[in-house]
Amino acid sequence: MLRLHDTATGKVRELALREPGKVSMYVCGPTVYDNPHIGHGRQTLVYDVLRKYLEWTGIEVRHVSNITDVDDNIIQRAEREGRAEADVAAEFEAVWWDAMDRLGVSRPTHAPHATEYVADMVAMVEELAARGLAYEAADGIYLEVDKVDGYGLLALQPLDSLRSGARVEAVLDKRSPLDFVLWKKAKPGEPAWDSPWGPGRPGWHTECVVMSLDLLGEGFDIHSGGMDLRFPHHENERAQAVALGKEFARHWMHHAFVEVAGEKMSKSLGNFTTLLDLLDRVDRRAYRLLVLQSHYRSPMEVTEDTAGRAATSLARLDEFARRTASLGGEADETLLAQFRDAMEDDLDTPRATALLFTAVRDANTVLDGGDGARAASLAAAVRSMCRALGLELASGTDEVDPDTQALVDRRDTARQSKDWAAADAARDRLVAQGWLVEDTPAGTRVRRA
C-alpha cells in the first residue's frame, strides 16, 4: 500500500483510504493574476505523477484543484492596467490551462472557481460566528484561533512561538496576531458580494475549505501543495473545519521548492522563469523527467545544465523505445514489483527512474547478445513504468500529434505572411520537442530526430 509523508504527524505512513479503491485528492490551485512559473510546473507534475501512478495500480482518483479568481493580486493588477478584475482572472486562467496542456498533465476532475462559492463561504462564516468562534473587526470577520482545538498542528511549532513570530498588522481590534480574516469588508472600487456584515469578499483561507468539503466530502484522503502553504494557509483551512466540527483531510502532502542558486524560486524574488518560456526551450517530457529524478520533498534546481542532462537521458529512452518497438512479450514482474516498492515508499521517483534506466541498459545488453525474449520482457516493463510515470516515449514512428501539427501549421502561416520571428519561434519549439524540421515545397515537414 502507498505510504506518504504526512505533514501533520511528521512521519511516512500508510495512506489509509476513506473508500477502498478510490482516492480523493485536493491540490491547491493557482491565483490567476500572472503567468505560471516553473515552480508551478513542478507542483502540477508531482501530483500528476501521483495521480497517474494510482490510476496505473487500478485506483480511481477524484482530483480537485481550485482557481482563485478573486484576490488582492488580481485587484492590484486590474487597477494598474485599468481593467476589470474578471478580465485579468480570465486572461491568466487561460494562460494557466494552456501551460498545463503543454506540460502534459491531466486536468483535474473538478476545477472550482472561488467566485462560484461565495454564498457558501458567507454561510460558513455565519456559522462560525454563531458558534462564538468568529468576531467582527474594523476591516472584516476574523476566526479566533485560541478557541480552536489543536491550532498550529501543521506549523509544527508551539502556539507561543507562533505568536511571538507573527507579523504585526495594522488591525487594532484583532484579538490575537494569529487570528485570520474570513471575510474582508469591501474597499472602494473593489469587487464585492453581499453579506450580513455589508459588502465584501472572502478571505483566501476560506475558499478551499468550502470547495474541498463540497466536492470531496468530509475526511477526504489527501490535501496537498507547496511547503510554503503548510502554515498559515493550510493550517488556517484545517482550523475552520475543526471549528465547524468537520473531519477534514486525512493526509497532508507537501512538496519542496524549485531553487535557483540555492534560493526558492518565486515571483517576489524576481528569479523565476515562466513555465511557457521553459516549454518553448525544453521538451516537456525532459522537464517531467527532471522532476522525477528529484524526490518531491527535496529542493530541485532547474538550470540549463540540469535540463540538458534530462534531455540527454530522455533521448536514451526514446532511442530504446524505437529499438524495441517491434518486440512483444509480457513485462518482467520482478522488475515491476521493485518499481512499485519504490513508488509506494513515499513516492520515491528517483529510485523508480533509476530502475527504469537500469532496465534499459540491461535490455540493450541482452538484445545485443541475441536474447530477444529477455529483452522483450524488460522492454515491456519499461513501457509499463513509463505509463505509470506519465512519461511518453517515442513510438518508433514519425506520427505527428495534434499539438505538433498545430505548431507546424503556425510556422507555415507565419512563413506565408513573412513573419520570420514567429516562424523561427515555432521552429525552435519543434526542435526543443525532439523534431527535425525540414522546409519542402509543400510546407514544413517534421520527423523524429
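Scoring rules and cut-offs
- Residues numbered from 1 in each chain as written.
- Predicted model: local features only at pLDDT ≥ 70, side-chain atom pairs only at ≥ 80, totals over all residues.
- Heavy atoms only, no water.
- Helix = DSSP H or I, 4+ residues; strand = E, 2+ residues; numbered from the N terminus.
- Rg over C-alpha atoms; globule rule 2.2 N^0.38 Å.
- Buried < 20%, exposed > 50% of the residue type's maximum accessible area, 1.4 Å probe, protein only.
- Contact = heavy atoms within 4.5 Å.
- Areas by Shrake-Rupley, 256 points an atom, 1.4 Å probe, with all protein chains shown as cover.
- Lys, Arg positive; Asp, Glu negative; His and termini not counted.
- Charge placed at Lys NZ, Arg CZ, Asp CG, Glu CD.
- Pairing = 2+ DSSP bridges.
- Axes fitted to C-alpha atoms, helices over the stretch in contact; angles between N-to-C directions.
- Parallel < 35°, antiparallel > 145°, perpendicular 65-115°, else oblique.
- Left-handed = near helix turned anticlockwise from the far one by under 90°.
- Polar contact = N/O pair within 3.5 Å; in protein donor to acceptor, adjacent residues only side chain to side chain.
- Domains from an automatic or database assignment.
- Buried area = accessible area lost by both parts, 1.4 Å probe.
- Salt bridge = Lys/Arg side-chain N within 4 Å of Asp/Glu carboxyl O.
- Right-handed = clockwise from strand over helix to strand, strands pointing away.
- Nonpolar A, V, L, I, M, F, W, Y, C, P; charged D, E, K, R; others polar.
- Core = buried A, V, L, I, M, F, W, Y, C linked by side-chain atoms within 4.5 Å.

### Brief notes about the overall build of the chain
Secondary structure assignment for the chain yields 15 helices and 15 strands. The C-alpha radius of gyration of the chain comes to 25 Å, within 12% of the 22 Å expected for a compact globule of 449 residues. With the C-alpha coordinates of the chain rotated into their principal frame, the extents come out at 75 × 55 × 35 Å. When burial is assessed residue by residue, the chain has 52% of its 449 residues classed as buried. A separation threshold of at least 6 residues defines the contact pool for the chain, and within that pool the share at least 24 residues apart is 75%. Total accessible area computed for the chain in this model is approximately 19,700 Å², and 49% of it derives from carbon and sulfur atoms. With 54 positive and 74 negative side-chain charges, the chain shows a separation of 3 Å between the mean positions of the two kinds.

### Considering the sheet that holds strand β4 (residues 60-65)
Spatially, the 4 strands line up as an open sheet ordered β4-β3-β9-β10, and their pairing is parallel. Of all strands in the sheet, those bounded by a partner on one side alone are β4 and β10 (252-255). Neighbour-to-neighbour, the strand axes of this sheet turn through a mean angle of 25 degrees, independent of strand direction. Both strand β9 (residues 222-226) and β10 contribute to a ladder of 4 bridges, which runs parallel. Paired with Ser224 across the bridge in β10 is Met253. Sheet contacts for helix α6 (residues 204-216): β3 (22-27) and β4; angle to β3, the most-contacted strand, approximately 160 degrees.

### A few points about the packing of helix α1 (residues 38-56) against helix α3 (residues 85-103)
Between α1 and α3, the shortest axis-to-axis distance is 11 Å and the interhelical angle comes to 60 degrees. With respect to each other, α1 and α3 are oriented oblique. For the pair α1 and α3, the crossing hand works out as right-handed. Contacts between α1 and α3 involve His40, Gly41, Thr44 and Leu45 on the former and, on the latter, Trp96, Met100 and Leu103.

### Considering the side chain of Asn66
Structurally, Asn66 can be placed in the loop between β4 and α2 (72-81). At 3.3 Å, the side chain of Asn66 forms a polar contact with the side chain of Thr68. Polar contacts involving the side chain of Asn66 include one to the side chain of Glu207, which spans 3.0 Å. Ignoring any residue separated from it by four or fewer positions in sequence, one finds Asn66 in contact with Tyr26, Val27, Cys28, Gly29, Pro30, Pro112, Glu207, Cys208 and Met211.

### Let's talk about the domain arrangement of the chain
Taken domain by domain, the chain comprises domain 1 (18-255), domain 2 (259-389) and domain 3 (402-448). A separation of 32 Å is found between the C-alpha centroids of domain 1 and domain 2. Contact between domain 1 and domain 2 buries roughly 2,900 Å² in total, counting both sides, with carbon and sulfur atoms accounting for 66%. The three residues of domain 1 that bury the most area against domain 2 are Ile38, Arg42 and Trp56, which together make up 27% of that side's buried surface. Joining domain 1 to domain 2, the criterion identifies 2 salt bridges. A salt bridge links Arg288 to Asp48, with the nearest nitrogen and oxygen atoms 2.8 Å apart. If you look at where domain 1 meets domain 2, you find 13 residue pairs in polar contact (both at pLDDT 80 or more).

### Let's talk about the pairing of β4
With 6 bridges connecting them, β3 and β4 associate as parallel partners. Pairing of Val27 across the sheet is with Ser65, part of β4. Each parallel crossover has a hand, and the one from β3 via α1 to β4 is right-handed.

### Quick look at the packing of α3 against helix α9 (residues 284-292)
At a minimum axis distance of 9 Å, the contact between α3 and α9 shows a crossing angle of 80 degrees. The angle between the axes of α3 and α9 places the two elements in the roughly perpendicular class. Together, Asp101, Arg102 and Leu103 of α3 and Arg284, Tyr287 and Arg288 of α9 make up the contact between the two elements. Split by residue class, the contact of α3 with α9 holds 2 nonpolar, no polar and 4 charged.

### A few points about the nonpolar core
Leu50, Met253, Leu275 and Tyr287 are the most contacted members of the largest nonpolar core, which totals 77 residues. Ignoring anything within four residues of it in the chain, the contact list for Leu50 reads Leu2, Met25, Ile222, Met253 and Leu347. Core analysis: the next-biggest nonpolar cluster, separate from the first, contains 42 residues, Cys28, Val122, Leu216 and Ala249 among them.

### What about the environment of Leu213?
Within the secondary structure, Leu213 sits in helix α6. With a relative accessible area of 16%, Leu213 lands in the buried category. When the C-alpha atoms of Leu213 and Ala249 are compared, they prove to be 9.2 Å apart, with 36 residues separating the residues in sequence.

### Comments concerning the sheet that holds strand β8 (residues 200-202)
Spatially, β5-β6-β7-β8 is the arrangement adopted by the 4 strands of the open sheet, whose pairing is antiparallel. Among the strands making up the open sheet, the edge pair consists of β5 (134-136) and β8. For this sheet the average axis-to-axis angle between neighbouring strands, irrespective of direction, equals 25 degrees. Bridge analysis of strand β7 (residues 180-185) against β8 gives 3 bridges, and the strand direction is antiparallel. Residue pairing for β8: Trp183 is matched across the bridge by Pro202.

### Points about the pattern of salt bridges
Per the stated rule, a full pass over the model turns up 36 salt bridges. Ionic pairing is found between Asp48 and Lys52, a salt bridge with its closest N-O pair at 2.8 Å. With Asp48 and Lys52 both in helix α1 and 4 residues apart, this pair spans about one turn of that helix. Pair check on accessibility: Asp48 and Lys52 agree, each one buried.

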